[in-house]
Number of protein chains: 4
Amino acid sequence: MHSTTQHTLTADLQTEYRTIRQFTQQLCQPLSPEDCTIQSMPDVSPTRWHLAHTTWFFETFLLSRQSDYRAFDPHYEYLFNSYYHTVGKQFPRPQRGLLSRPGLDAIWEYRRDVDQKMAKLLASDNAADQEVRRIVQLGLQHEQQHQELILTDIKHVLSCNPLFPAYHAATTQAVATAVATDWLDFDEGLYEIGHAGDDFAFDNEGPRHRVFLESFQLAHHPVTIGQYREFIDDGGYQRPELWLSLGWQTVCDHRWQAPLYWTDRDDRWQQFTLCGLSDLRDEDPVCHVSYFEADAFARWAGARLPTEAEWEVAAADLPIEGNFADRLVLRGAAIQPGAPTTTDQALQRLFGDVWEWTASPYTPYPGYQAPQGAWGEYNGKFMCNQYVLRGGSCATSQTHIRPTYRNFFPPEARWQFSGVRLAR
Amino acid sequence: MHSTTQHTLTADLQTEYRTIRQFTQQLCQPLSPEDCTIQSMPDVSPTRWHLAHTTWFFETFLLSRQSDYRAFDPHYEYLFNSYYHTVGKQFPRPQRGLLSRPGLDAIWEYRRDVDQKMAKLLASDNAADQEVRRIVQLGLQHEQQHQELILTDIKHVLSCNPLFPAYHAATTQAVATAVATDWLDFDEGLYEIGHAGDDFAFDNEGPRHRVFLESFQLAHHPVTIGQYREFIDDGGYQRPELWLSLGWQTVCDHRWQAPLYWTDRDDRWQQFTLCGLSDLRDEDPVCHVSYFEADAFARWAGARLPTEAEWEVAAADLPIEGNFADRLVLRGAAIQPGAPTTTDQALQRLFGDVWEWTASPYTPYPGYQAPQGAWGEYNGKFMCNQYVLRGGSCATSQTHIRPTYRNFFPPEARWQFSGVRLAR
Amino acid sequence: MHSTTQHTLTADLQTEYRTIRQFTQQLCQPLSPEDCTIQSMPDVSPTRWHLAHTTWFFETFLLSRQSDYRAFDPHYEYLFNSYYHTVGKQFPRPQRGLLSRPGLDAIWEYRRDVDQKMAKLLASDNAADQEVRRIVQLGLQHEQQHQELILTDIKHVLSCNPLFPAYHAATTQAVATAVATDWLDFDEGLYEIGHAGDDFAFDNEGPRHRVFLESFQLAHHPVTIGQYREFIDDGGYQRPELWLSLGWQTVCDHRWQAPLYWTDRDDRWQQFTLCGLSDLRDEDPVCHVSYFEADAFARWAGARLPTEAEWEVAAADLPIEGNFADRLVLRGAAIQPGAPTTTDQALQRLFGDVWEWTASPYTPYPGYQAPQGAWGEYNGKFMCNQYVLRGGSCATSQTHIRPTYRNFFPPEARWQFSGVRLAR
Amino acid sequence: MHSTTQHTLTADLQTEYRTIRQFTQQLCQPLSPEDCTIQSMPDVSPTRWHLAHTTWFFETFLLSRQSDYRAFDPHYEYLFNSYYHTVGKQFPRPQRGLLSRPGLDAIWEYRRDVDQKMAKLLASDNAADQEVRRIVQLGLQHEQQHQELILTDIKHVLSCNPLFPAYHAATTQAVATAVATDWLDFDEGLYEIGHAGDDFAFDNEGPRHRVFLESFQLAHHPVTIGQYREFIDDGGYQRPELWLSLGWQTVCDHRWQAPLYWTDRDDRWQQFTLCGLSDLRDEDPVCHVSYFEADAFARWAGARLPTEAEWEVAAADLPIEGNFADRLVLRGAAIQPGAPTTTDQALQRLFGDVWEWTASPYTPYPGYQAPQGAWGEYNGKFMCNQYVLRGGSCATSQTHIRPTYRNFFPPEARWQFSGVRLAR
């Protein structure tokens, strides 16, 4: 960032803003007002809420700090605050599906209004300010996180409907090629992980620090549907000895028999996808499994999940290529793991396709300090009873991911595009 | 019905069908697709569901019995069946709010399609058939019940929104005149109650039968907001001795302090209405109280609730006039209890304004037999842990109500337009 | 009570007091301190609590009103108050099983202490006071109600133990004789029901009042296990059309397949009894069914349940004989429905054996006024969402029951000794 | 263990067995059969169950493997299995409080029977077998863990009683001396932690492995009640910014205002102890706090919790001295944190007094393999959503603890004797 002129920097940020905000709009194009209203479980938010909340972010943290700013609607500060105590009270998360107003049209208008004001800001002298630029970038990363949630959440909403409506039309997909489980070796040693430097990264990705790792191996490929079916056929969901105690309790309570969205119809497995119901393809990476399932599968396979340090060491120098949402949409392909890849490196699909559960609970890195104020609420306060996932998925944008990127979810979560890579 | 010609009968039914179905449409006019999607609690159904279910009723019980009938959409039989085991499986009631498809437009199309087919049926020779005519009438009464639910349910949906959106614009209402509690006397004796004759009535309104009543008195007016505030101010919600044991538990569990939709803002009571938030008017009938509250109020007032037999004896010969939804809409008035009345009889507002809780658990009349098949599921199976309400409300159509009409809700229900009339 | 002298009256009451209090002690003889500590569901109370609460009753309402009274332990007023808001706060009912102190020994000491003081009171001049006598009688009736609860509750406690421990040893029972369903006719007419006169009765049994009844028939016998098995074998628990809607929901939620305490072992039904597990005997009255099951059985049998007025009219002039707890214990027989009877009247087992569910919701009789103060909390406040049962059971004392006696439980309750008699 | 003769080894184990088993008996001496029956929350087990389960352990894993063994009672295998799927089905944990039989006497008899058979085994040639000796040691460690649970669980049971009964009589305690927060420094470096060698340790304490630590400081003393009161007085429980998101939710849901067992009476804090209610003493270590509270306190204090590696490095070479249950009982002192200590090292009370929450989620060490069979269920399957605690407490036996010992509980658990030591 040091060698470019001020003007180019500003123009770049304007372009980035427009591109990312428009991609949100593109993702909502297939959805009706009714689709955008429903909250199918407490973890899911209505699409309308995502559209408003990401806009609220720019309004709250940038526009409203201008001296002469008049809120688009003063109620929105409360309605669309997700979890920032620093900003004020929040409308209760599990009740987001109870709000029919403001309607979808009103929210699009809200977005247009904020986008105009943001365009003005980004064209002004203020755009040269470091702090402003940093918050804009944070807002855009935040928007990309919610783009992914729009996809994961609407998939869950539509899956509750016995009509199995499709989000977008099925495209013919070239079948992924069959894979064998090969292993790549890594030596023991004192490594460094975590983010350093001036490029954007979330606070939880740093500080960069030393970790000692024993030698380990990482599988070339994520676990496939075919491999996972062997686990199921071998009684995987009926054998307590394969599971963590809490995992086994979850399996029994919810009567899990297979990954989320798999359904047994006419005596064969099918899965609900964003293209509606479809047959399973053994070569595709298995998706929508919880940490519990990932862990049990690994135990069954005589392996384990990688730690996040192992994963990051392996990923550090690889190109960030793979099946990402923005790439797939551009190609008119279905947003679904398993599109063919062309990378010829040993570690296939490390980026994109499916988020990979690691064995690491989500904790602060040594020396981590949550930022003061609202930013401190972004990541740090969630460091409890969650596990780290790495690498992004087919619902993530390619421009959003980094080798140091730490995603996190509770071990029972399955509605994300989450899969498994083995280590040992 | 005996003296009219066949042709007139048929024409009348066609008109009635059109009028009632159009009124449903009129009631939905102020609602957005988002409004029509939300289920704010298990008792509430989304407007879209009401629109489809009432249409399903005609399709299932009339159209689909024609030999050559092709379903509008074969999934609808399952999706829009409320509780008829005889017809088949039902989509779970508490999950009606999870369905975004079919969308509102598709459901309007469904209604138009069924209406055209019904018009054809009603113009055909089949319309002379007694059984056909009876089911059409049942379907229209059913539609009117759901019109009322559309209003009560959307009121609940909108009330969950901190923006307090209005269903329709506030109109200036002439204030109801102040009332004194006077009593009308009735003698002891063996009375007859229940429906008899050929006019339409639900199965639960018969058979007509004898009951012995001690002498009793009935209040001239329903309990007003002003009277109810005295109860509140006298610690009504803090004194267990005034309440049924189950009622007191409900008060404590839900921390009830006032009727549903009352809210304490800036140190004065306001209530949410279909016109948004508004001040209380002491002269209006109190509304949205549970049986528990009605019973506790009566005990506090040194009186009791009337039995349904007492109520019916009192109502038997009175004209069915009052503030009803169809009348109010015609006059452009707000759907809210309390519009002025002109009847000069002793018992004011017996019909319309608010449903009146009676002291009678909802039980079968002596000799009652539930009809065979699906009709038997309409009323009989709900005769447990519910109380009878009488007289209709401002959300009921005038053409829907009868002196023998038995409405019923559990004692904790408050989202209906339910009020209190005292007896002793 | 009019012709006896004061002295005899007093002596009688002393004897009655001793007899009834000692019977409580006798009922607890087979129980260990551990047995007496457990609360197996919120409806159940630990035996220790029953022992203390019945004693608390005499202390609170008689002894503590003496000017110089010193409480046995001042904490007991709070600990052992069941539901009398008038007396003060109550230790929460569902937490009675959390108290290990005062221990069983301490509670026996409490009983002895209160018994001594009561003996003194009953031997004093105060015993001539009408109000004192009335409260003593109430306290003894209350004690008898809790004797029955000691039996029903400990049955539930022991049934939770996979060892199926017996409360008392099995005795050989002569088998009840087979029964045919015959019907006894009653004419229509204006009848009088309810308690009148000076003998003891609860407030809810009056006032005596007129009811008009259509002609009806009552079955000679309660429904037997054999008859109930036909209902089960005919798919009774799988056919929604036989059930009230709330009943069907309960069946599905709890997966009911048979009466409480029946268990399918080694491919045949057995039932848990106070003598442990035992085979079913077809001739015995079916027991431990809910109102929902009683009602569904009646519908399946083409009959209905009697109203409480019908039941009382039929029972009014019959001798109060049958299988009661005090009789069975005296004979060393098991406390279980089905011992042979010798009455030669048409209506068999109307009293004793099993409580008979009626079709009548538990409501106040016309003109009923709950007494002022604590007595008003005994019965009146429970008149909601419960059904009346009549006639007493094998767990009731013969000296406790009357034709006008109204027992009441919610429609889903099954842990009482409750059965079915048909009407039509 | 290498230099002693076979005979001494065996004699030592016999003594150890007797000593530890008798200590269990000693701990139960103040408890009545009623006390031993109650399960006050799902995490708590009745004392009777602990007595039986620890005995079951020796019977199942040692005695029953002898060819001619006859079970004391064949039902016990099921009743007293805690969570070993490998052994067979388990009686549901939350229902342990529903069992009144076998009674306390029967369970003492069970213990005596097993103890006699164990004495015979330990005196036989079999006692020389490595595997046998290892399981005996495991069983004794297991017994010591349940001794601690007997204390923590009965404290919870008794605390539910509004009479606040004492487990044992209060002894006069010399007051702990005031402490200042000083810090001890540790250098960065590659350290080794985890168990190695032949002495007994649980599988989760190994393998010994290298970890890289940044330099850090550890507080000389555990956080005191006085310090914790400052946190409370400074609004600690009202300020979301101090808490993990899940912690704040827990505070709000349960309305936490102070550590467990603190109660606000007559306007001053008191705490329930095993000696009944008592005043707070500012110098004592704060106890019965959750991980959430420990973490929030640390944030408020501008510090953090130590990782388990940091804690172990600090503890590695210190003598295992402190206030432990076996020591306190021997001295007739109350089982309560805070008795004076005499150690003159910098790190005070590192062992004993209170378990110290670490910042480390409970995860497997690198290279950890759960043992095959039942032993694999002892520790490994619980490695999810729990945090490690170190050092033992006043309810732990001194002979039970090691520097490598890893205790673990969920972050919301408070009924253990758990406290806080700061790091930074």
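Residues numbered from 1 in each chain as written. Chains lettered and ligands numbered in written order. Predicted model: local features only at pLDDT ≥ 70, side-chain atom pairs only at ≥ 80, totals over all residues. Heavy atoms only, no water.

Caption draft 1: Representation of the packing of helix α1 (residues 6-28) of chain A against helix α4 (residues 104-123) of chain A within the structure. All names here are of chain A. The geometry of α1 relative to α4 is characterised by a closest axis approach of 10 Å and an angle of 170° between their N-to-C directions. As the angle between them shows, α1 and α4 are arranged roughly antiparallel. Taking contact as the criterion, the partners of Thr10, Leu13, Gln14, Tyr17, Arg21, Thr24, Gln25 and Cys28 in α1 are, on α4, Trp108, Arg111, Val114, Asp115, Met118, Ala119, Leu122 and Ala123. Looking at side-chain class alone, the contact of α1 with α4 contains 9 nonpolar, 4 polar and 3 charged residues. (Axes fitted to C-alpha atoms, helices over the stretch in contact; angles between N-to-C directions. Helix = DSSP H or I, 4+ residues; strand = E, 2+ residues; numbered from the N terminus. Parallel < 35°, antiparallel > 145°, perpendicular 65-115°, else oblique. Contact = heavy atoms within 4.5 Å. Nonpolar A, V, L, I, M, F, W, Y, C, P; charged D, E, K, R; others polar.)

Caption draft 2: Here's a closer look at the environment of Gln348 of chain D. All names here are of chain D. If you trace the backbone, Gln348 turns up in the loop between α10 (325-330) and β8 (355-361). Sequence-wise, Gln348 and Leu184 are 164 residues apart; in three dimensions their C-alpha atoms are separated by 11 Å. Here the side chain of Gln348 touches Thr341 through a polar contact of 3.2 Å, side chain to side chain. (Polar contact = N/O pair within 3.5 Å; in protein donor to acceptor, adjacent residues only side chain to side chain.)

Caption draft 3: How the structure looks around the interface of chain B and chain A. With 30 residues of chain B in contact, the opposing surface of chain A contributes 30 residues. Considering only the side of chain B, the residues that lose the most area to chain A are Glu34, Leu98 and Arg101 of chain B, jointly responsible for 30% of the buried surface there. For the pair chain B and chain A, the interface holds 2 salt bridges. Residue Asp35 of chain B pairs with Arg101 of chain A through a salt bridge whose shortest N-O separation is 2.7 Å. The interface formed by chain B and chain A contains 8 residue pairs in polar contact (both at pLDDT 80 or more). When residues of the side of chain B that touches chain A are traced back to their parent elements, those giving at least two are α3 (76-79) and α5 (130-159) of chain B. (Buried area = accessible area lost by both parts, 1.4 Å probe. Salt bridge = Lys/Arg side-chain N within 4 Å of Asp/Glu carboxyl O.)

Caption draft 4: Spatial organisation of the relation of the copies chain B and chain A. For these two chains of identical sequence, chain B goes onto chain A by a turn of 180° and a shift of 0.0 Å along the axis, with RMSD 0.0 Å. Both chain copies can therefore be described as sitting about a two-fold axis. Across chain B, the smallest distance between a C-alpha and the rotation axis is recorded for Glu34 of chain B, namely 2.7 Å. A shared interface surface links the copies, since 100% of the contact residues of chain B are contact residues in chain A too. (Least-squares fit on C-alpha atoms with pLDDT ≥ 70 in both.)

Caption draft 5: Region of interest: the nonpolar core. Residues and elements named next belong to chain A. In terms of nonpolar packing, the biggest core is built from 122 residues, with Phe61, Met118, Tyr228, Phe231, Trp243, Trp357 and Leu422 touching the most fellow members. Here this core gets 10 residues from one element, more than from any other, and that element is helix α5 (residues 130-159). Built from parts of two domains, this core gets at least three residues from each of domain 1 (3-159) and domain 2 (183-419). Residues in contact with Phe61, not counting those within four places in the same chain, are Trp56, Tyr84, Val87, Ile135, Ala374 and Trp375. (Core = buried A, V, L, I, M, F, W, Y, C linked by side-chain atoms within 4.5 Å. Buried < 20%, exposed > 50% of the residue type's maximum accessible area, 1.4 Å probe, protein only. Domains from an automatic or database assignment.)

Caption draft 6: Geometry of the domain arrangement of chain A. Residues and elements named next belong to chain A. In terms of domain boundaries, chain A breaks down into domain 1 (3-159) and domain 2 (183-419). Computed over C-alpha atoms, the centres of domain 1 and domain 2 are 26 Å apart. On the side of domain 2, 32 residues touch domain 1, which itself brings 32 residues to the contact. For the pair domain 1 and domain 2, the summed buried surface comes to about 2800 Å²; carbon and sulfur atoms form 62% of the total. The largest contributions to the domain 1 side of the interface with domain 2 come from Gln141, Glu148 and Lys155, which together make up 25% of the buried area. The interface formed by domain 1 and domain 2 contains 0 salt bridges. Applying the counting criterion to the domain 1 and domain 2 interface returns 17 residue pairs in polar contact (both at pLDDT 80 or more). Elements that contribute at least two residues to the side of domain 1 that touches domain 2 include exactly α1, α2 (47-61) and α5. It is α5 that contributes the most residues to the side of domain 1 that touches domain 2, 20 residues altogether.

Caption draft 7: The packing of aromatic side chains, seen in detail. Residues and elements named next belong to chain B. This structure, assessed with the given rule, holds 157 aromatic pairs over all chains. Here Phe61 and Tyr84 contribute two aromatic rings whose centre-to-centre distance is 5.6 Å and whose plane-to-plane angle is 70°, an arrangement assigned as edge-to-face. Remark: Tyr84 occurs in the loop between α3 and α4 (104-123) and Phe61 occurs in helix α2 (residues 47-61); sequence separation between them is 23 residues. The ring of Trp256 carries Arg414 above its face, with NZ or CZ at 3.9 Å from the centroid. (Phe/Tyr/Trp six-rings, centres within 6.5 Å; stacked < 30°, edge-to-face > 60°. Lys NZ or Arg CZ within 6 Å of the ring centre and 35° of its normal.)

Caption draft 8: Here's a closer look at the sheet that holds β8 of chain D. All names here are of chain D. A sheet is described by the order of its strands in space; here 4 strands give the open sequence β10-β9-β8-β11, paired in mixed fashion. Strands at the two margins of the open sheet, each flanked by one partner only, are β10 (407-409) and β11 (418-419). In the packing of helix α9 (residues 308-315) onto the sheet, contacts are made with β8 and β9 (387-390), and the angle to β9 comes to roughly 15°. (Pairing = 2+ DSSP bridges.)

Caption draft 9: Spotlight on the confidence of the model for chain A. Counting all residues, the mean pLDDT for chain A is 93, and 96% of those residues have values of 70 or more. Prediction confidence for the complex, expressed as pTM and ipTM, is 0.93 and 0.93 respectively. (pLDDT = per-residue confidence, 0-100.)

Caption draft 10: Looking closely at helix α5 (residues 130-159) of chain C. Residue and element names in this part refer to chain C. Here α5 is 30 residues long and its end C-alpha atoms lie 44 Å apart, about the 44 Å a rise of 1.5 Å per residue gives. Burial within α5 is extensive, with 25 of its 30 residues counted as buried. The N-terminus of α5 is capped by Asp129, whose side-chain oxygen sits 3.0 Å from the backbone nitrogen of Glu131. (Expected span 1.5 Å × (residues − 1).)

Caption draft 11: Summary view of the pattern of salt bridges. By the definition in use, this model includes 92 salt bridges over all chains. Across the pair Glu308 of chain D and Arg406 of chain D runs a salt bridge whose closest N-O atoms are separated by 2.8 Å. In this pair, Glu308 of chain D is assigned in helix α9 and Arg406 of chain D in the loop between β9 and β10, connecting sequence segments 98 residues apart. We note that Glu308 of chain D, like Arg406 of chain D, is buried. Residue Glu312 of chain D pairs with Arg390 of chain D through a salt bridge whose shortest N-O separation is 2.9 Å. Separated by 78 residues along the polypeptide, Glu312 of chain D in helix α9 and Arg390 of chain D in strand β9 bring together distant segments of the chain. The exposure classification of Glu312 of chain D matches that of Arg390 of chain D, with both residues buried. A single salt-bridge network, built from bridges that share partners, covers Arg21, Arg111, Asp115 and Glu143 of chain A.

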